[in-house]
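# A closer look at the structure
For reference, the chains in residue letters:
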Amino acid sequence: DQQVKQNSPSLSVQEGRISILNCDYTNSMFDYFLWYKKYPAEGPTFLISISSIKDKNEDGRFTVFLNKSAKHLSLHIVPSQPGDSAVYFCAVTQVGYQKVTFGTGTKLQVIP
Amino acid sequence: EAGVTQFPSHSVIEKGQTVTLRCDPISGHDNLYWYRRVMGKEIKFLLHFVKESKQDESGMPNNRFLAERTGGTYSTLKVQPAELEDSGVYFCASSPTTGTSGNTIYFGEGSWLTVV
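Quick look at the structure, then. Everything numeric here is computed off the predicted structure, so don't read it as measured data.

### Structural notes on the overall build of chain A
Regarding its fold elements, chain A presents zero helices and eleven strands. If you list the helices and strands of chain A from N to C, you get β-β-β-β-β-β-β-β-β-β-β. Relative to the globule expectation of 13 Å for 112 residues, the C-alpha radius of gyration of chain A, 13 Å, shows essentially globular dimensions. Counting only C-alpha atoms and orienting by the principal axes, one finds that chain A spans roughly 40 × 30 × 20 Å. Residues classed as buried in chain A amount to 46% of the 112 residues present. In chain A, 54% of the contacts between residues at least 6 apart in sequence involve partners at least 24 apart. Accessible surface, chain A: about 5300 Å² in total, of which carbon and sulfur atoms supply 49%. If you average the places of the 11 positive and of the 9 negative side-chain charges in chain A, the two averages end up 3 Å apart.

### Side note on the interface of chain B and chain A
Across the contact, 25 residues belong to chain B and 23 residues belong to chain A. Here chain B meets chain A over a buried area of about 1900 Å², counting both sides, of which 57% is carbon and sulfur. Remark: the boundary between chain B and chain A carries zero salt bridges. Put simply, chain B and chain A have two residue pairs in polar contact (both at pLDDT 80 or more) between them. Elements supplying a minimum of two residues to the side of chain B that touches chain A: strand E4 (31-37), strand E5 (43-50) and strand E9 (88-95) of chain B. It is E4 of chain B that contributes the most residues to the side of chain B that touches chain A, four residues altogether. Here the side of chain B that touches chain A is built from residues that sort into nine nonpolar, eleven polar and five charged.

### Structural notes on the side chain of Gln6 of chain A
Residues and elements named next belong to chain A. Structurally, the position occupied by Gln6 is in the loop between strand E1 (4-5) and strand E2 (10-14). Within the local environment of Gln6, its side chain forms a polar contact with the backbone oxygen of Tyr88, the two atoms lying 2.9 Å apart. Discounting chain neighbours no more than four positions away, the residues touching Gln6 are Asn22, Cys23, Trp35, Tyr88, Phe89, Cys90, Gly103, Thr104, Gly105 and Thr106.

### A word on a nonpolar patch on the surface
On the surface, Ile18, Ile20 and Val78 of chain A cluster together into a nonpolar patch covering about 230 Å² of accessible area. Of note, Ile18 of chain A is situated in the loop between E2 and strand E3 (19-25).

### Notes on the environment of Pro112 of chain A
Residue and element names in this part refer to chain A. Its location among the elements puts Pro112 in the segment after strand E11 (106-111). Along the backbone, Pro112 and Ile18 are 94 residues apart, and their C-alpha atoms lie at a distance of 13 Å. Residues within four places of Pro112 in sequence aside, it is in contact with Gln14, Glu15 and Pro82.

### Some details on the pairing of E4 of chain B
Residue and element names in this part refer to chain B. Within E4, seven of the seven residues are buried, which leaves the element mostly enclosed by the surrounding structure. The two faces of E4 match: Asn31, Tyr33, Tyr35 and Arg37 on one face and Leu32, Trp34 and Arg36 on the other face are all buried. In terms of strand pairing, E4 meets E5 through seven bridges, oriented antiparallel. Considered in E5, the bridge of Trp34 is made with Leu47. Linkage of E4 to E5, two consecutive antiparallel strands, is achieved through a turn of five residues, within which Met39 is found at a positive phi near 45°.

### A look at the state of the cysteines
All names here are of chain A. The full count for this structure, using the stated rule, is two disulfides over all chains. Disulfide partner of Cys23: Cys90, at an S-S distance of 2.0 Å. In this structure the cystine formed by Cys23 and Cys90 twists about its S-S bond by roughly -70°; its chirality is therefore left-handed. Taken together, the positions of Cys23 in strand E3 and Cys90 in strand E9 (residues 86-93) put the pair 67 residues apart, joining distant regions of the chain.

What counts and how
- Residues numbered from 1 in each chain as written.
- Chains lettered and ligands numbered in written order.
- Predicted model: local features only at pLDDT ≥ 70, side-chain atom pairs only at ≥ 80, totals over all residues.
- Heavy atoms only, no water.
- Helix = DSSP H or I, 4+ residues; strand = E, 2+ residues; numbered from the N terminus.
- Rg over C-alpha atoms; globule rule 2.2 N^0.38 Å.
- Buried < 20%, exposed > 50% of the residue type's maximum accessible area, 1.4 Å probe, protein only.
- Contact = heavy atoms within 4.5 Å.
- Areas by Shrake-Rupley, 256 points an atom, 1.4 Å probe, with all protein chains shown as cover.
- Lys, Arg positive; Asp, Glu negative; His and termini not counted.
- Charge placed at Lys NZ, Arg CZ, Asp CG, Glu CD.
- Buried area = accessible area lost by both parts, 1.4 Å probe.
- Salt bridge = Lys/Arg side-chain N within 4 Å of Asp/Glu carboxyl O.
- Polar contact = N/O pair within 3.5 Å; in protein donor to acceptor, adjacent residues only side chain to side chain.
- Nonpolar A, V, L, I, M, F, W, Y, C, P; charged D, E, K, R; others polar.
- Patch = residues over 30% accessible without salt bridge, like charges linked within 9 Å, V, L, I, M, F, W, Y side chains within 5 Å.
- Pairing = 2+ DSSP bridges.
- Disulfide = S-S within 2.5 Å.

Right under this line is the structure:
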């Protein structure tokens, strides 16, 4: 039972354009959401997070949007850079519960 | 500050053999997690320690997997006997005490296991 779904396994975007990565979750109990970035042969690194009390969180070129009613979140990267090419994992959890559940990842390729 | 470190980085063993993976969390982090990624799929939760206690081991595949965290510092994950389907990348992660850093967990680089 996949609680976190990233339906796009891959995405190609031109350098300078916007990258939009999507994530859907099934359990309305989740109230904290994270995005991790993973380069080949490295562990995932934390990118940005958002609490369920917000619908948007911005950090430089990265913005995460949360739509609680649709159980959907998205990561926007603008402008996209070649160094952003990586696999992006959406992750969900409940505050205080600690266990983090990950999606299957979306491989982003930013074309110079 | 040192990050989460894992050893070995790569291991190739025969079916039926035993492998022990080690994880050293970030100093001071009470929470330690083991995750596994098999064949490009999702990063799947295995278990969670709070200090030396197993808080949640619901993701452990079967009794061939044994995780320990004696003394609440480093942790080991033993697979005995290993099967072909155990191949994958085993990630260790740690996080501070609940309520800080907003549930962000910090990963090691992973231990790649290949069972042949």
